[in-house]
Amino acid sequence: MNWYEKLNQYFPIEEMKSKEHMELLLAEKSEIYFKDESEDHVLMYVEMDDFVFIDYLFVSKNARGKGTGKKLIDKLKKKGKPIILEVEPIDYEDTDTQKRQRFYAREGFKHAESIGYRRRSLATNEINELEILYWSPTDESEESIYEKMKKTYETIHTYKDKQLYGQSYSPVDDVLTFDEEVVEQQEQI
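Residues numbered from 1 in each chain as written. Predicted model: local features only at pLDDT ≥ 70, side-chain atom pairs only at ≥ 80, totals over all residues. Heavy atoms only, no water.

A.B. asks: Even after reading the chapter, I still don't get the environment of glycine 116, so can you show me in this structure?
C.D. replies: Along the chain, the position of glycine 116 falls in strand β6 (residues 115-120). For glycine 116, a relative accessible area of 24% puts it in the partly exposed group. Considered as a pair, glycine 116 and glutamate 142 are 26 residues apart in the sequence and their alpha carbons are 11 Å apart. (Helix = DSSP H or I, 4+ residues; strand = E, 2+ residues; numbered from the N terminus. Buried < 20%, exposed > 50% of the residue type's maximum accessible area, 1.4 Å probe, protein only.)

A.B. asks: Looking at this structure, how should I read the packing of aromatic side chains?
C.D. replies: In this description, a pair of aromatic rings is defined by centroid distance and the angle of the planes. Overall, the coordinates contain 9 aromatic pairs when judged by the stated rule. On the basis of an interplanar angle of 90° and a centroid distance of 5.1 Å, the ring pair of tyrosine 10 and phenylalanine 11 is categorised as edge-to-face. For phenylalanine 11, a relative accessible area of 13% corresponds to the buried category. Among the aromatic residues, those joined into a cluster by ring pairs are Tyr10, Phe11, Tyr56 and Phe58. (Phe/Tyr/Trp six-rings, centres within 6.5 Å; stacked < 30°, edge-to-face > 60°.)

A.B. asks: What exactly am I supposed to notice about unusual backbone geometry here?
C.D. replies: Glycine aside, residues mostly have negative phi, and peptide bonds are mostly found in the trans state. One non-glycine residue, asparagine 125, lies in positive phi territory at about 65°. Position of asparagine 125 among the secondary structure elements: in the loop between β6 and β7 (127-135). In this structure, lysine 160 is a non-glycine residue whose phi angle is positive, near 50°. You can call lysine 160 partly exposed: its relative accessible area is 32%.

What follows is the structure, given as structure tokens:
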């Protein structure tokens, strides 16, 4: 099974980019978009000057619980930059969502509570709501994470979307929101 098939079988259709989209990113954005793969994992990520964005992280069932995911995250942490990713909210009927969130929490990732993410899937036409998680070697603000997410959305997620899918994703300001009241409440605690 090739790397795309592994991702496609694991991630919901509304979260998947097309194979053509990802191959285009690997070819045309090769200075920032990377694939790290083995028989047991696929990691697709973006590395900008000031952050890393994990686009997809897949660890095969037979490799889970053996430290593969931790090793991949540690490799990215060594870059000394904030790491950001999107994750499905916990669905108590889907134990994978719980395991995924627990894994990232163990690795020191925080939930960016002030950032909202709602994007219409071009594949299903349904609104897909995701949570933003981040890890930072410094005390990175959620506002800074928000700006980095906007950059990722505009540079990677919507790259040549009209050409690839026949339609465009919603503008970044309709997809990502920042709630300053949440930040203020966190600061008061």
